[in-house]
Amino acid sequence: MRTIGRSFVLGSMMLVLLLVWESCSQDVPIKPQASLDDIEFKVPPGFPQPVYTFGGNEVTPERFKLGRALFYETRLSRDNTISCGSCHQQFAAFAHFEHSVSHGIDGLTGTRNSPALFNIAWHPNFMWDGGINHIEVQPLAPITNPIEMDETMGGVISKLKADAVYKQMFNDAYGSELINSQLIFKALALFQSLMISSNSRFDKYMRNEPGGTMSNEELNGLNLVRQKCSPCHQEPLFTDYSFRNNGLPFDTVYNDVGRMKITLDPADSMKYKVPSLRNVGLSGSFMHDGRMNTLQEVLDHYDSGIVPSSTLDPMLSGGIPLTDQEKSDIIRFLQTLNDYEFISDERFADPNFQ
Amino acid sequence: MHIKYNDIKILPMWVAALLLLTSCKKDPPKELAKVGSLKVSFENYVGQSKLSLGSSDYVNAAGNVFDVSSLKYYISNLNLSGASGSVFVNKYFLIDESDHSTLTFILNDIPVETYDSFGLVVGVDSARNVSGAQTGALDPIKGMFWDWNTGYVMARMEGSSAESGALGDQLSFHIAGFKGPHNVIKNIELPLGTDNINIKEGKVSEIVLRMDLLEWFTSPKTISFDTLHTVVTGGAEAKLIADNYESMFSVYNVINP
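In this text, all values refer to a predicted model and were calculated from it rather than measured experimentally.

Here is what the cut-offs are and how they apply
- Residues numbered from 1 in each chain as written.
- Chains lettered and ligands numbered in written order.
- Predicted model: local features only at pLDDT ≥ 70, side-chain atom pairs only at ≥ 80, totals over all residues.
- Heavy atoms only, no water.
- Core = buried A, V, L, I, M, F, W, Y, C linked by side-chain atoms within 4.5 Å.
- Buried < 20%, exposed > 50% of the residue type's maximum accessible area, 1.4 Å probe, protein only.
- Phe/Tyr/Trp six-rings, centres within 6.5 Å; stacked < 30°, edge-to-face > 60°.
- Lys NZ or Arg CZ within 6 Å of the ring centre and 35° of its normal.
- Contact = heavy atoms within 4.5 Å.
- Buried area = accessible area lost by both parts, 1.4 Å probe.
- Salt bridge = Lys/Arg side-chain N within 4 Å of Asp/Glu carboxyl O.
- Polar contact = N/O pair within 3.5 Å; in protein donor to acceptor, adjacent residues only side chain to side chain.
- Axes fitted to C-alpha atoms, helices over the stretch in contact; angles between N-to-C directions.
- Helix = DSSP H or I, 4+ residues; strand = E, 2+ residues; numbered from the N terminus.
- Parallel < 35°, antiparallel > 145°, perpendicular 65-115°, else oblique.
- Nonpolar A, V, L, I, M, F, W, Y, C, P; charged D, E, K, R; others polar.
- Pairing = 2+ DSSP bridges.

1. Regarding the nonpolar core
Phase 1 of the analysis: Membership of the largest hydrophobic core comes to 127 residues, with the highest contact counts inside it found for B:Phe66, B:Phe118, B:Phe173, B:Trp216 and B:Phe249.
Phase 2 of the analysis: Formed by 27 residues, the second largest nonpolar core is a distinct cluster that contains A:Leu277, A:Leu295, A:Leu316 and A:Ile320.

What follows is the structure in structure tokens.
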């Protein structure tokens, strides 16, 4: 005992005190990283009930891990190079950073921007044109699309069956070594539904939590968004999931008619799903084809760039006139919707890099 | 023994207990519903000729010569009707001409009865189209499920015809859509006339259905492949084909044990 000197003990005590003092300081409380044993679907305060309710697919950590493995699994693509995570990057709130449209297999590009993925359990339909009506069957589209992953479900299943690790994971998750498309889809739906974003600075402000301070400009921006961007970008999800024509000029290269392709209704021409404003500071490019790179461009468009057409949303017929100061405040507010906890949450990260 | 006043009070209890005991013996076993089975077989024809994939020159009502490389369709919600009412079998089958094992299946637990009408649905009901990932015959791996506009392809024929304006003279008829005016799901009722299905206990009856592919292109609207050769989205043209093929089934034979 005598070998542990007094100075050592004193030093340790000082270190402990320092650490305790550090963790008590105000700006950002140190939160323990959520662990893989903390897997539970919880509706954040103030959020409505979700659309997806995990029927026949109750949340378990094993199912979550399987879904995550599949999300980052490049064998879902024909040449084993592309996973969901290739175009849905966590640091960009699961959008494709600085890509207007994504490049899939063999460098092929499509016509639509990879949307950010968060709060998916609240979506009543999927894709920019709402063509997919259930979260479980969404992955079928990119997996089988010749310009994205260009694989067949049969091909995917063969590859997974050849991997003892997957057989074990399916067993742990769904009770047997059976691997079929339904279980693959359920696991992916479960993992993605747990990707909830509700801890931005704005959320903490709304919940009166530490870390929720907003500047005057940001609060002014909040008021402007509430006044001028509702009901399309309605809190707390910051979208109403409706399909709207927001006055973008028609792109004659992409020739994309939006929702009309699904409903065959001319009244749906050039209408796209309203995206959430959450994490827009992290997930640009903007609009269904990623044609805008900055929030400034977006606001300039609403202010003075609206193109009239027969299906233009009536609320936008006069545009949304904004002063330079108002645009600046709105942009400042939008940055408070960035959820840094979400993009650094290890539970959603690529397990191949941990 | 002396029956005291107190005993008299207890006596009814004993009587009651005795009655209770005797009434607690098990009910006699209910009459188990008597059931048999129905074997359902499909024969795919083109007019008078048995369908043979990839070979032969078939001729439609418009005079187009064509061949068939694949034919698949969903059959579901089979039903039988008799004097006591109707029986519904809530199952899904994918009839695939390229796999003859799919052309026949057996429905068990059919109540013993004489049935004078047989019905089926061509397609998959709307509930299944909106309920997420399905399996078995409804697995998207079967190639009968749209990934871009969620929903099942109810019937699908591929082939070629010199009259077709499509690349490679292709014919592609993927008939889908379960909503509103373009809903192509067809409920088909086939009265059996004198050929009733007599389900007998523990025995297998058989019904053989003949499907005539020419009906897809005949009436109410005669289809010429130069004007219509490709239907790969929902809508009016898919509905047109479905309205035509509503009459494609006939009862070829009923065999009772």
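2. Quick look at the packing of aromatic side chains
Phase 1 of the analysis: With the rule as written, the count across this model stands at 34 aromatic pairs over all chains.
Phase 2 of the analysis: Ring centres of B:Tyr58 and B:Phe66 lie 6.0 Å apart, and the angle between their planes is 50°; this geometry places the pair in the tilted category. When sorted by exposure, B:Tyr58 lands in the same class as B:Phe66, which is buried.
Phase 3 of the analysis: Here a set of aromatic residues connected by ring pairs shows up, and it is made of A:Phe64, A:Phe71, A:Tyr72, A:Phe94, A:Phe118, A:Phe191, A:Phe342 and A:Phe348.
Phase 4 of the analysis: Positioned above the aromatic ring of B:Tyr45 is the side chain of B:Arg210, whose terminal nitrogen or guanidinium carbon lies 3.7 Å from the ring centre.
Phase 5 of the analysis: If you follow B:Arg210 out to its NZ or CZ, it ends over the ring of B:Tyr252, 3.8 Å from the centre.

3. Quick look at the interface of chain A and chain B
Phase 1 of the analysis: The interface is formed by 19 residues belonging to chain A together with 19 residues belonging to chain B.
Phase 2 of the analysis: The junction of chain A with chain B conceals about 1,500 Å² of combined surface from both sides, 58% of it contributed by carbon and sulfur atoms.
Phase 3 of the analysis: Here chain A is connected to chain B by zero salt bridges.
Phase 4 of the analysis: Linking chain A with chain B are six residue pairs in polar contact (both at pLDDT 80 or more), by the criterion used here.

4. Digging into the packing of helix 2 (residues 61–71) of chain A against helix 7 (residues 181–193) of chain A
All names here are of chain A.
Phase 1 of the analysis: Where helix 2 contacts helix 7, the two axes come as close as 7 Å, and the packing angle between them is 100°. Accordingly, the angle class assigned to the pair helix 2 and helix 7 is roughly perpendicular. Residues Arg63, Phe64, Leu66, Gly67, Arg68, Leu70 and Phe71 of helix 2 form the contact with helix 7, whose participating residues are Ile184, Ala187, Leu188, Leu190, Phe191 and Gln192.
Phase 2 of the analysis: Classifying every residue of the contact of helix 2 with helix 7 by side-chain character gives nine nonpolar, two polar and two charged.

5. Observations concerning the pairing of strand 1 (residues 35–46) of chain B
Residue and element names in this part refer to chain B.
Phase 1 of the analysis: Of all twelve residues making up strand 1, ten are buried, and the element is well covered by its neighbours.
Phase 2 of the analysis: Across six bridges, strand 1 lies against strand 6 (residues 104–111) in antiparallel orientation. Paired with Val40 across the strands is Phe105, a residue of strand 6.
Phase 3 of the analysis: As paired elements, strand 1 and strand 13 (residues 204–212) share nine bridges and run parallel to each other. Note that in strand 13 the partner of Asn44 across the bridge is Met211.
Phase 4 of the analysis: Sheet analysis places strand 1 next to strand 2 (residues 49–50), joined by two bridges and oriented antiparallel. The residue of strand 2 that forms the bridge with Val46 is Ser49.
Phase 5 of the analysis: A loop of two residues connects strand 1 with strand 2, the two strands running antiparallel in sequence, and Gly47 in this loop sits at a positive phi of about 65°.

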